[in-house]
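Spelled out, the chains give:
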Amino acid sequence: MGISVIQQLAVRLYQIAFAGSAFHISEDFRLKRAIQDLEKLATSNLVLTKLYEQSIALINGDIAKEELFDLIALVNAVQIATASEIIGEEIHPIKSQIPQEAVF
């Protein structure tokens, strides 16, 4: 999966949240570009589809700015679920320390 796409989206959403209400979300060309990149991944997974749909709704002004934080939470969840570490020059998934019996 394109982790950099998710990371770009997260960075833009954080910057929008910090900018506050004085910032016009619909004019953010970097956010639009991140959403366009996400569109390619959206068909591969239901969570990414939801992330894409909410991002489009945010840019179109169809959801309240307060729901920006719900979108940020969803991006954070995707980042955590796809976390990896770089060992040497190879990317490896992070090994969980949770015992298998604890996983539902």
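Residues numbered from 1 in each chain as written. Predicted model: local features only at pLDDT ≥ 70, side-chain atom pairs only at ≥ 80, totals over all residues. Heavy atoms only, no water.

Attention now moves to the overall build of the chain. If you tally the helices and strands in the chain, you get 4 helices and 2 strands. The linear arrangement of helices and strands in the chain, starting from the amino end, is α-α-α-α-β-β. Of all 104 residues assigned to the chain, the portion counted as buried reaches 26%. Residue pairs in contact within the chain that sit at least 24 positions apart in sequence constitute 56% of those at least 6 positions apart. (Helix = DSSP H or I, 4+ residues; strand = E, 2+ residues; numbered from the N terminus. Buried < 20%, exposed > 50% of the residue type's maximum accessible area, 1.4 Å probe, protein only. Contact = heavy atoms within 4.5 Å.)

In terms of nonpolar packing, the biggest core is built from 23 residues, with Leu 9, Leu 13, Leu 31, Leu 38 and Leu 51 touching the most fellow members. Of all the secondary structure elements, the ones that give two or more residues to this core are helix H1 (3-19), helix H2 (29-42), helix H3 (46-60) and helix H4 (68-81). Leaving out residues up to four positions away in the same chain, Leu 51 has contacts with Ile 6, Leu 9, Leu 38, Leu 71, Leu 74 and Val 75. (Core = buried A, V, L, I, M, F, W, Y, C linked by side-chain atoms within 4.5 Å.)

It is at 10 Å that the axes of H3 and H4 come closest, and there the two elements cross at 150°. When the axis of H3 is compared with that of H4, the two are roughly antiparallel. By crossing handedness, the relation of H3 to H4 is classed as left-handed. Counted together, Val 47, Leu 48, Lys 50, Leu 51, Gln 54, Ser 55 and Leu 58 of H3 and Leu 68, Leu 71, Leu 74, Val 75 and Val 78 of H4 form the full contact between these two elements. Within the contact of H3 with H4, the residues separate by chemical class into 9 nonpolar, 2 polar and 1 charged. (Axes fitted to C-alpha atoms, helices over the stretch in contact; angles between N-to-C directions. Parallel < 35°, antiparallel > 145°, perpendicular 65-115°, else oblique. Left-handed = near helix turned anticlockwise from the far one by under 90°. Nonpolar A, V, L, I, M, F, W, Y, C, P; charged D, E, K, R; others polar.)

A separate point is the environment of Ser 44. Take Ser 44: it is sitting in the loop between H2 and H3. Within the structure, the side chain of Ser 44 is placed 2.6 Å from the backbone oxygen of Leu 41, a separation counted as a polar contact. (Polar contact = N/O pair within 3.5 Å; in protein donor to acceptor, adjacent residues only side chain to side chain.)

The next thing to look at is the confidence of the model for the chain. Of the residues in the chain, 74% have a pLDDT of 70 or more, and the chain-wide mean is 79. Per-residue pLDDT, averaged within each element of the chain, yields its smallest value for strand S1 (residues 84-87) (62) and its largest for H3 (90). (pLDDT = per-residue confidence, 0-100.)

Taken N-terminus to C-terminus, the directions of H2 and H3 make an angle of 150°; their axes are 9 Å apart at the nearest point. In terms of orientation, H2 and H3 fall into the roughly antiparallel class. Relative to H3, the crossing made by H2 is left-handed. Of H3, the residues touching H2 (which contributes Leu 31, Lys 32, Ile 35, Leu 38, Glu 39, Leu 41 and Ala 42) are Leu 48, Thr 49, Leu 51, Tyr 52, Ser 55, Ile 56, Leu 58 and Ile 59. Among the residues forming the contact of H2 with H3, the class breakdown is 11 nonpolar, 2 polar and 2 charged.

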